[in-house]
Amino acid sequence: MEKGTLVEFRVQGDRRLGVVDRPDGKTRWFVVDERGQSHSLAPRQITYTVNGQTYKPSEIASFLEQVQPYLDPSSLSVAWELLVEDGETVTPSQMANLLYSESSGPHSYAAYCLLSEDKLYFKQKGEAYEPRTAAQVAERQHQIEVESQKAKGQQEFLARVEQALKGEAVEWQRHDRQRLEGLEKYAALMADIVRMGVNYDALARAYPPGAPVLETMTMLGRSATPQAAFQLLIDLGWWSPHENLFLRRSSIPVQFPNKVLEVAQQRLDFPPTDLDANRLDLTHLKVYTIDDESTTEIDDGLSWELLSDGRQRLWVHIADPTRWLVPEDELDLEARKRGSTVYLPTGMIPMFPEVLATGPMSLVQGRISCALSFGIILDATGAVADYSIHPSLIKPTYRLTYEDVDEMLELGVEAEPEIEAIANWAKQRKSWRYNQGAISINMPEAMIKVKDGEINIDILDDSSSRQLVAEMMILAGEVAARYGQTHNIPLPFRGQPQPELPPDEELLLLPAGFVRACAMRRCMPKSEMSITPVRHAGLGLATYTQATSPIRRYSDLLTHFQLKAHLRGAILPFSAEQLKEVMMNVTSITQEVTMVERQTNRYYALEYLRRHPEQVWQITVLMWLREDSNLALILLEDIGLQLPMTFKRSVNLGEQLLVKVGLSDPQKDMIQFQEIMYQESLVSGN
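None of the values given here were measured: they were computed from a predicted structure.

Digging into the sheet that holds strand β24 (residues 656-665)
Here is step 1: Pairing is antiparallel across the open sheet formed by 5 strands, whose spatial order is β23-β22-β21-β24-β25. Both edges of this open sheet fall to β23 (641-646) and β25 (670-676), since each of them pairs with a single strand only. Going across the sheet, the axis of each strand differs from the next one's by a mean of 45°, ignoring polarity.
Here is step 2: Of the pairings in the sheet, the one linking strand β21 (residues 617-626) to strand β22 (residues 631-636) comprises 6 bridges and is antiparallel in character. Each bridged residue has a counterpart across the sheet, and for M623 the counterpart in β22 is L633.
Here is step 3: This element, helix α19 (residues 514-523), spans β21, β22 and β23 of the sheet and lies at about 35° to β21.

Here it is as structure tokens:
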């Protein structure tokens, strides 16, 4: 190659011109660029040679100035139209003659630059360029337009991300939402840390991101891991720091489909014909509904009646949502898909649309309501002596809280003797069940509520009012099951096998109270569902079904469908096989609901403890989880939480100690406690 030859080469992809200076060995050449820098190049590194004259490095800038006016990419379209028909290849020199009517060094190099950068009209073939066919150009134009739109969309998305990261309000577009929803699904995998007990690195390896997530995270300069995606969504204000990942990873629907909401409103506006036209009118009875103050789905009420023969009749009135739907309609299928109302510290996710669940389906004070009423007469021992079940009309008289009823019972309110009578029968009923073998396990139960970011934990008292309501609901469940058994009706019967409790001598060796109750609880087998009657050992009942929460539990709704059809002499909506299939699906769903409720409660329990690092808690050692490593289950008595703790010394079951939270990480489901010695607690003023 002649000294002074002008050549093009690339430095990290950028074009660079240089002048050949001298050989470097047998095959390489030293080339000097316009900056005076010397480069040793192999022949394959030289991408173009300017022929016709020699140059000095100082002339390169002038050469480029001569080239610049001819670098118009649109000129290639004219050349392509002239060449495409014959399809012949063209060299840069020939293209220069075609475009500029001359092929000097600057003109030929300009043509080369256009051809080598062109992605539309020509493709390289050796040292020449071949025109693409019209079809190929059309396809390339489409691809380029798509890529251009994509690049534009990415830039606009990045601009909105920057706005959001600054805390400014952002109007996310449809394509943005698709990106963010992809990130949501990926970030929700963090819930598997709790479910599977894996660490973040293992989680990232087990779930590599899909292409859209990888593209988004790379574009934003963040690592493509579930944890990073979670943090990004928080930074963007798309998620709160306490987003419920357990719920997101579940199949539980949070919103109702528009079609279901439309049907609910139609039922409200145009009530369907009541199939139970001959309802028993019980509007003369005084009806008490007893719930927590926050309850909006009111599905049970109680009455007491003195009969003419001196006997007393208890009435358990249950809301009648089947009045507003039929099996297999949109509302029924949606409720079946949900399985039950979901109760979370942050609020509830109802089984039915709110306009129905808290409106005509509920037993609202002062309003005539449809109900399924259980009239029950007990004998002196508390056993069921007689009963009847009726589709009814009632008019709830009082909307009471548990605290109201406790106060009434304590003060003995003379104006409401019915409440005292119901309470007395509830005590008699409880005594009867224990005589039948019922097993009582009393452990404190924490109720966690989150409102406006504040977490409150209270212990549910096992008060007289709660025992009263519980006994009446169990009583209605027994009566419903007995009716089903008597008339051979397939129902979602609920049973529990007889537990194998530790011998009394073993139980007596354990500290009385929570430790002993915890040991008994471990021996209790899970309850089971059956379409035929089965004994419920824990409740001490020969047969039992749940029938008292049809607005909130789909299995209770099934019981209502079956009982009401039989009462009116109609064909049962569900055969035994159909009921069994539906129950299997619903049981699977409700197990998932229970798991999400449990995981969410635990998350907020750990978050509550994280926010109180200096609080000293009194605990009771309940049971060993792994005695060889001193890992035990402890009870934080003030707030009713049961959590694991590893001790650094030997402790005994039932021992009461003081602890502080050493570490609490709700996202990683980690909790560590530190024992506080008595002297230390005195110094700290506790």
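What about a negative patch on the surface?
Here is step 1: Among the surface-exposed residues, E293, E403, D404, E407, E410, D458, D461 and D462 lie close enough to one another that they form a single negatively charged patch.
Here is step 2: In terms of residue count, the dominant contributor to the negative patch is helix α15 (residues 402-411) (4 residues).
Here is step 3: The residue D458 is located in strand β18 (residues 454-460) in this model.

Points about the side chain of E297
Here is step 1: Mapped onto the secondary structure, E297 falls in the loop between β9 (288-291) and β10 (300-306).
Here is step 2: Buried within the structure, E297 lacks any salt-bridge partner; R552 is the closest side chain of opposite charge, at an N-O distance of 4.5 Å.
Here is step 3: Within polar-contact distance, the side chain of E297 engages the side chain of T341 at 3.5 Å.
Here is step 4: Contacts of E297, omitting those with residues within four sequence positions, involve T341, Y343, M348, P350, A357, T358, S362, I551 and R552.

Quick look at the packing of α15 against helix α16 (residues 417-435)
Here is step 1: Closest axis-to-axis distance for the α15/α16 pair is 10 Å, and the angle between their directions is 95°. For the element pair α15 / α16, the angle class is roughly perpendicular. Here V405, M408 and L409 of α15 lie close against α16, whose contacting residues are I419, E420 and A423.
Here is step 2: Grouping the constituent residues of the contact of α15 with α16 by class yields 5 nonpolar, no polar and 1 charged.

Structural notes on the sheet that holds strand β4 (residues 38-41)
Here is step 1: One open sheet accounts for 5 strands, arranged β4-β3-β2-β1-β5; its pairing is antiparallel. Each end of this open sheet is capped by a strand with a single partner; those strands are β4 and β5 (46-50). On average, adjacent strands in this sheet sit at an angle of 40° to one another, irrespective of strand direction.
Here is step 2: When strand β1 (residues 6-11) meets β5, the two strands line up antiparallel, connected through 4 bridges. Opposite F9, over in β5, you have I46 as the bridge partner.

What to know about the side chain of K564
Here is step 1: Positionally, K564 belongs in helix α20 (residues 554-567).
Here is step 2: Setting aside chain neighbours within four positions, we find K564 in contact with D276, R279, D320, T322, R323 and L372.

As for the packing of α15 against helix α17 (residues 464-486)
Here is step 1: Two elements in contact, α15 and α17, have axes separated by 8 Å at closest approach and are oriented at 105°. As the angle between them shows, α15 and α17 are arranged roughly perpendicular. For the pair α15 and α17, the contacting residues are Y402, V405, D406 and L409 in the first and S464, S465, R466 and V469 in the second.
Here is step 2: Here the contact of α15 with α17 is built from residues that sort into 4 nonpolar, 2 polar and 2 charged.

A few points about the nonpolar core
Soluble globular proteins tend to bury their nonpolar side chains together.
Here is step 1: L609, L636, L641, F647 and F673 are the most contacted members of the largest nonpolar core, which has 61 residues in total.
Here is step 2: Broken down by element, this core gets its largest block of residues, 9 residues, from helix α21 (residues 576-610).
Here is step 3: The residues contacting F673, other than those within four sequence positions of it, are L609, I634, L636, L643, P644, M645, V659, K660, V661 and G662.

Brief notes about unusual backbone geometry
Here is step 1: Positive phi, normally seen in glycine, also occurs at Q12, with a value near 55°.
Here is step 2: One non-glycine residue, E328, adopts positive backbone phi at about 75°.
Here is step 3: Here E328 shows up in the loop between β11 (312-319) and α13 (330-338).
Here is step 4: On the accessibility criterion, E328 (45% relative accessible area) is partly exposed.

About the thresholds
Every chain's residues receive numbers from 1 upward, in the order its sequence appears when written. Under the rules for a predicted model, residues below a pLDDT of 70 receive no local features and side-chain atom pairs below 80 are neither given nor counted, while totals for whole chains, interfaces and linings still include all residues. Side-chain numbers here rest on the full set of heavy atoms in the structure, without hydrogens or water. Strand pairing is assigned whenever DSSP identifies at least 2 bridges connecting the two strands. Every helix listed is a DSSP run of H or I at least four residues long, and every strand listed is a run of E at least two residues long, numbered separately from the N terminus. Only C-alpha atoms enter the line fits that serve as axes; for helices the fit covers just the stretch in contact. Angles between N-to-C directions range over 0 to 180 degrees. Residues are treated as being in contact if the distance between any of their heavy atoms lies within 4.5 Å. Exposure above 30% relative accessible area and no salt bridge define the residues that can form patches, which grow by joining like charges within 9 Å and nonpolar side chains of Val, Leu, Ile, Met, Phe, Trp and Tyr within 5 Å. Only the protein chains shown count as cover for residues, and the accessible areas themselves come from Shrake-Rupley with a 1.4 Å probe. For this analysis, a salt bridge means a side-chain nitrogen from Lys or Arg found within 4 Å of a carboxyl oxygen belonging to Asp or Glu. Charged-residue counts in this description rest on Lys and Arg as positive and Asp and Glu as negative, His and the chain ends being excluded. A charge is said to be at NZ when it belongs to Lys, at CZ for Arg, at CG for Asp and at CD for Glu. Type-normalised accessible area, obtained with a 1.4 Å probe on protein chains alone, sets the label of each residue: buried when under 20%, exposed when over 50%, and partly exposed for intermediate values. Polar contact is defined as a pair of N or O atoms within 3.5 Å, subject to the rule that within protein one atom must be able to donate a hydrogen and the other to accept it, and that residues adjacent in sequence are counted only when both atoms are side-chain atoms. Oblique is the label for any angle not under 35 degrees, not over 145, and not in the 65 to 115 range, which are roughly parallel, roughly antiparallel and roughly perpendicular in turn. Residues are sorted three ways: Asp, Glu, Lys and Arg are charged, Ala, Val, Leu, Ile, Met, Phe, Trp, Tyr, Cys and Pro are nonpolar, and all the rest, Gly among them, are polar. For our purposes a nonpolar core is just a set of buried Ala, Val, Leu, Ile, Met, Phe, Trp, Tyr and Cys residues, chained together by side-chain atoms within 4.5 Å.

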